[in-house]
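Coordinates in review
So the chains spell out like this:
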Amino acid sequence: MTGISEILVLVLLILCILIVPRMIAPKPSGKRKKTKSSAGIFTMKIRIAIVLSAAVLIISALWAKPWQGQILMFIVSGFLPVALGWSLVWIFSARKK
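Fair warning: this is a prediction, and the values are worked out from it, not measured in the lab.

Rules used in this analysis
Residues numbered from 1 in each chain as written. Predicted model: local features only at pLDDT ≥ 70, side-chain atom pairs only at ≥ 80, totals over all residues. Heavy atoms only, no water. Helix = DSSP H or I, 4+ residues; strand = E, 2+ residues; numbered from the N terminus. Buried < 20%, exposed > 50% of the residue type's maximum accessible area, 1.4 Å probe, protein only. Areas by Shrake-Rupley, 256 points an atom, 1.4 Å probe, with all protein chains shown as cover. Expected span 1.5 Å × (residues − 1). Arc of directions from axis to C-beta. Contact = heavy atoms within 4.5 Å.

1. As for the overall build of the protein chain
- The helix and strand tally for the protein chain stands at three helices and zero strands.
- For the protein chain, the sequential pattern of α-helices and β-strands runs α-α-α.
- Residues classed as buried in the protein chain amount to 8% of the 97 residues present.
- A total of about 9200 Å² of accessible surface is found on the protein chain, and carbon and sulfur atoms cover 74% of it.

2. Comments concerning helix α2 (residues 44–64)
- Between its first and last C-alpha atoms α2 spans 30 Å; for 21 residues at 1.5 Å apiece the expected length is 30 Å, and the two agree.
- Residues of α2 that are buried: S53, S60, A61 and A64. For α2, the angular spread of buried residues about the axis comes to 105 degrees, placing them on one side. Exposed side chains of α2 directed beyond 90 degrees from the buried face belong to M44, R47, V51, L52, I58, I59, L62 and W63.

3. Quick word on the side chain of S53
- Looking at where S53 falls in the secondary structure, it is placed in helix α2.
- Excluding its chain neighbours within four sequence positions, the residues that come into contact with S53 are V82 and W86.

Below is the structure:
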């Protein structure tokens with residue numbers, strides 16, 4: 001019987017963690033300034049760049065097979081182009097600001 005009661009207690013705890021915060025409404029905290037922060041917004045170009053970076057790394061890993069000892073080929077064909085691309089994005093984004 002202790003096994004069933006322990007499972008029920010865990011289910012109850014999980015439900016309380018998920019449901020109780022939604023039942024308690026947050027108190028409004030005066031006036032909030034609405035500022036548009038570009039730090040948390042991913043544009044379509046950035047999202048495409050992230051997906052392409054992951055794709056380049058995956059394709060390079062499948063081609064070079066670094067787990068079989070060809071780590072240098074993976075670094076040259078996968079990691080360096082992605083690092084170079086993102087460093088150029090970082091440099092040119094500072095120029096716009």
